[in-house]
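Residues per chain, in single letters:
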Amino acid sequence: MAEKIQNNGRINGFSKLDKRQRREWLLEKFLPGRTHAEFRHFEAASEDLQQVFDNFSENTVASFPLPFGVAPNFLINGTAYAVPMVTEESSVVAAASSSAKYWLTRGGFRAEVVATEKLGQLHFRWAGHPDRRAALLPELEARLHGATAGITDRMEARGGGVRGITWKHLPNVDPQCYQLLVRFGTGDSMGANFINTVLEAYATELEVWSATSTALHEAERELEVIMAILSNHTPNCVVRAAVSCPIEAMNIPGSGVDAADFVRRFRLAVAIAHEDTHRAVTHNKGIMNGIDAVVLATGNDFRAVESAAHAFAAETGRYRSLSRCRIEDEVFHFELTVPLSLGTVGGLTRLHPLADLALDILGRPGAEELMCIAAATGLAQNFAALRSLVTTGIQQGHMKMHLQNILSSLQASPPERRQTAEFFRGRTVSHHGVRQYLDRLREGGVVG
Ligand code: MEV
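Summary of the structure given here. Predicted, not measured: the structure shown is a model, and the values here were computed from it.

How each quantity is defined
Residues numbered from 1 in each chain as written. Predicted model: local features only at pLDDT ≥ 70, side-chain atom pairs only at ≥ 80, totals over all residues. Heavy atoms only, no water. Patch = residues over 30% accessible without salt bridge, like charges linked within 9 Å, V, L, I, M, F, W, Y side chains within 5 Å. Areas by Shrake-Rupley, 256 points an atom, 1.4 Å probe, with all protein chains shown as cover. Salt bridge = Lys/Arg side-chain N within 4 Å of Asp/Glu carboxyl O. Helix = DSSP H or I, 4+ residues; strand = E, 2+ residues; numbered from the N terminus. Pairing = 2+ DSSP bridges. Axes fitted to C-alpha atoms, helices over the stretch in contact; angles between N-to-C directions. Buried < 20%, exposed > 50% of the residue type's maximum accessible area, 1.4 Å probe, protein only. Near = heavy atom within 4 Å. Polar contact = N/O pair within 3.5 Å; in protein donor to acceptor, adjacent residues only side chain to side chain. Nonpolar A, V, L, I, M, F, W, Y, C, P; charged D, E, K, R; others polar. Core = buried A, V, L, I, M, F, W, Y, C linked by side-chain atoms within 4.5 Å. Contact = heavy atoms within 4.5 Å. Parallel < 35°, antiparallel > 145°, perpendicular 65-115°, else oblique. Left-handed = near helix turned anticlockwise from the far one by under 90°.

Moving on, we get to a nonpolar patch on the surface. On the surface, a nonpolar cluster with roughly 290 Å² of combined accessible area is contributed by Val-70, Leu-354, Leu-357 and Ile-361. The greatest single-element share of the nonpolar patch, amounting to 3 residues, is contributed by helix H13 (residues 353–361). Structurally, Ile-361 is set in helix H13.

Below, the structure written as structure tokens:
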């Protein structure tokens, strides 16, 4: 291992190299036999555009394309959407599309934003007594507010801004450890930059306040800021999506089960995910297959959305399914409640041309409308996964795409694809099996 590191060398100033030099270094040290052309292969047609992609991050050596698909026929709150989805996972877009179409004739999706509050935290050590907080907070709040008016003005004009501050004591960390928990509205932007800028300005003002406030006793002036950053836990930035339909209309053609049996099995599947963590994690992963794909397509932060969703799923102290199913008066109800901190202005939504395209496809929604669309897509995805799981099993659908991917990797021609797909209908698909079949086909041998 030490030998390998020595051979590959180390480097100072990698970030100062231009892209060509970075590639050269990689080719020389790590990629014998490979060429510049492999890096250039996926470059944007125009240099300007490639520059835009390169500038999103540091040390870029290439762009990494992912499929941008569209799931049409999504009826959400009475509006028909073609939902843009970016995902590498086979069957996800097909499943969302098929679920959207299923619900199109059953009233579509209803979605409502429950709340849109975001949070930020400023942690500090302070020598004062915790009981003094109530008396000091109004003055502190006014000082923080005044010191950041220049930053918050424009956001306030757009309906956002700081909505309130709670001063918490964290004695389990340290008897002198405190937190300002700040509630924000960020309008149509995701708001991370805004929140962090405000919090850092708060940190500076907090120190000024501790040094200058006449409300403080001398012994209370000792204050040390630890850190200031938004919280990705957004339990008050939440959207709910739902579908419902009389059980008698819940037929699943080709599944071999009748509507009542399907609904019974479906409800059990959701109940299992509510009860059992192992299943809940997989169940919620299926929901995130849909949500993440919309989040990525629209240039939003999927890591933030993921961590918030899973914290929310564990809010009762036990990790549970994010969706719920109930039967009332012979009507099937299926709903998803999930925190989604999304933006439709600012950040990558403006800079990435494909995020811009995705938002155009959606008719330039505001953040709340995008929350509804993403939640409905998550619910659709969850419905599609459970529908397969409790009827035919998941592999039937997956295997079709899996087979196509294997055929692509083996450079199969269209006639070879058709013949191989025909052969594997109803048979188990494996890379080895497909290769063997294709070899025989190409040798002109007997196949079938
Ligand atoms: C696969 O990406 C997602 C599923 O496992 C979700 C689920 O099991 O509900 C099919």
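With respect to topology, 4 strands assemble into an open sheet ordered E3-E8-E10-E9, the strand pairing being antiparallel. Whereas interior strands pair on both sides, the edge strands pair on one side only; in this sheet they are strand E3 (110–116) and strand E9 (323–328). Ignoring strand direction, the axes of neighbouring strands in this sheet form an average angle of 20 degrees. Where E9 and strand E10 (residues 331–339) come together, 6 bridges link them in antiparallel fashion. The partner of Ile-327 across the bridge, within E10, is Phe-332.

Most of E10 is tucked away, with 7 of its 9 residues classed as buried. Here strand E8 (residues 237–246) runs beside E10; their pairing, made up of 9 bridges, is antiparallel. Its bridge partner being in E10, Arg-240 is matched across the sheet by Thr-337. What sits between the antiparallel neighbours E9 and E10 is a turn of 2 residues, in which Asp-329 has the positive phi angle 50 degrees.

As a further point, take the site of the ligand. The environment of the ligand is formed by Glu-89, Arg-279, Thr-282, His-283, Lys-285, Gly-286, Asn-289, Ala-385, Leu-389 and Ile-394. One of the side-chain N or O atoms of Arg-279 is found 2.7 Å from an oxygen atom in the ligand. Within the contact set of the ligand, an oxygen atom lies 2.9 Å away from a side-chain nitrogen or oxygen of Asn-289. Here the ligand loses 86% of its free accessible area of 300 Å² to cover by the protein chains. For the shell around the ligand, the leading source of residues is helix H10 (residues 277–297), giving 6 residues. When its residues are assigned to classes, the shell around the ligand shows 3 nonpolar, 4 polar and 3 charged.

Next up on the list: the nonpolar core. Membership of the largest hydrophobic core comes to 62 residues, with the highest contact counts inside it found for Phe-74, Met-250, Phe-332, Phe-334 and Leu-340. For this core, the element with the highest residue contribution is helix H14 (residues 367–389), accounting for 11 residues. Apart from the residues lying within four places of it in its own chain, the contact partners of Leu-340 are Cys-237, Val-239, Ile-291, Val-305, Met-371, Ala-374 and Ala-375. In this structure, Leu-122, Trp-126, Trp-167 and Ala-228 belong to the second largest nonpolar core, which totals 26 residues.

Here we come to the packing of H10 against H14. Between H10 and H14, the shortest axis-to-axis distance is 7 Å and the interhelical angle comes to 135 degrees. When the axis of H10 is compared with that of H14, the two are oblique. At the point where H10 passes H14, the crossing takes the right-handed sense. Contacts between H10 and H14 pair Arg-279, His-283, Gly-286, Ile-287, Asn-289, Gly-290, Ile-291 and Val-294 from the former with Leu-370, Ala-374, Thr-377, Gly-378, Gln-381, Asn-382, Leu-386 and Leu-389 from the latter. Of the residues that constitute the contact of H10 with H14, the class distribution is 7 nonpolar, 8 polar and 1 charged.

It is worth stressing that arrangement in space is one thing and function is another; only the former is reported here.
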